[in-house]
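Structural overview
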Amino acid sequence: MVEQFVTYEIALKLKELGFDEQCICRYNAYEVLKHTISGTNPDMDDYVSSNKYDDRLLAPLYQQVIDWFRDVYKIHISIIPFNDEEGEQILYEFVIHEFDWNDISDYTYYHSNREAREAAILKAIGLCQKINQIE
């Protein structure tokens, strides 16, 4: 299930963008993914699942990040599967719809949904960094 969480490098970039959603995992100082909610003490949920009380790095799920981009920056990420020209294997590409519905794609074909999703998130991070510089 570790592959469902963003990489340490992406988590760092998201922190710079202001990502502060509740997460069930974090990266510790050694860049190791750790669970933060044990489920044994519901009063501790707010403490361990938000980043208000410590400086460990939040480790959101990829889908959580995609939802966050949609909700906060009005950027919609779509991963599109298709068959290659010979129809022998499935490839993936991504399309990003910006807030003004300007479609962005790098027209690169990926061999897995996971690769396309990570590339799309990195592209969205770059877009958001530009948006933040303008503001």
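Located above this text is the structure these notes cover.
Reading across from one edge, E4-E5-E6 is the order of the 3 strands in this open sheet, with antiparallel pairing throughout. This sheet does not close on itself; its edge strands, each paired only once, are strand E4 (76–83) and strand E6 (103–104). Two strands pair when backbone bridges link them, and strand E5 (residues 90–97) and E6 are joined in this way by 2 bridges, in the antiparallel orientation. Its bridge partner lying in E6, isoleucine 96 is registered against isoleucine 104.

The terminal C-alpha atoms of helix H3 (residues 62–73), which comprises 12 residues, lie 16 Å apart, in line with the 16 Å expected from a rise of 1.5 Å per residue. What H3 keeps buried is the set Tyr62, Val65, Ile66, Trp68, Phe69 and Tyr73. For H3, the arc enclosing every buried residue in end-on projection is 160°, short of the 170-degree limit, so these residues lie on one face. Along its buried surface, H3 packs onto helix H1 (8–17), E4 and helix H4 (113–134).

The rules we used
Residues numbered from 1 in each chain as written. Predicted model: local features only at pLDDT ≥ 70, side-chain atom pairs only at ≥ 80, totals over all residues. Heavy atoms only, no water. Pairing = 2+ DSSP bridges. Helix = DSSP H or I, 4+ residues; strand = E, 2+ residues; numbered from the N terminus. Expected span 1.5 Å × (residues − 1). Buried < 20%, exposed > 50% of the residue type's maximum accessible area, 1.4 Å probe, protein only. Arc of directions from axis to C-beta. Contact = heavy atoms within 4.5 Å.

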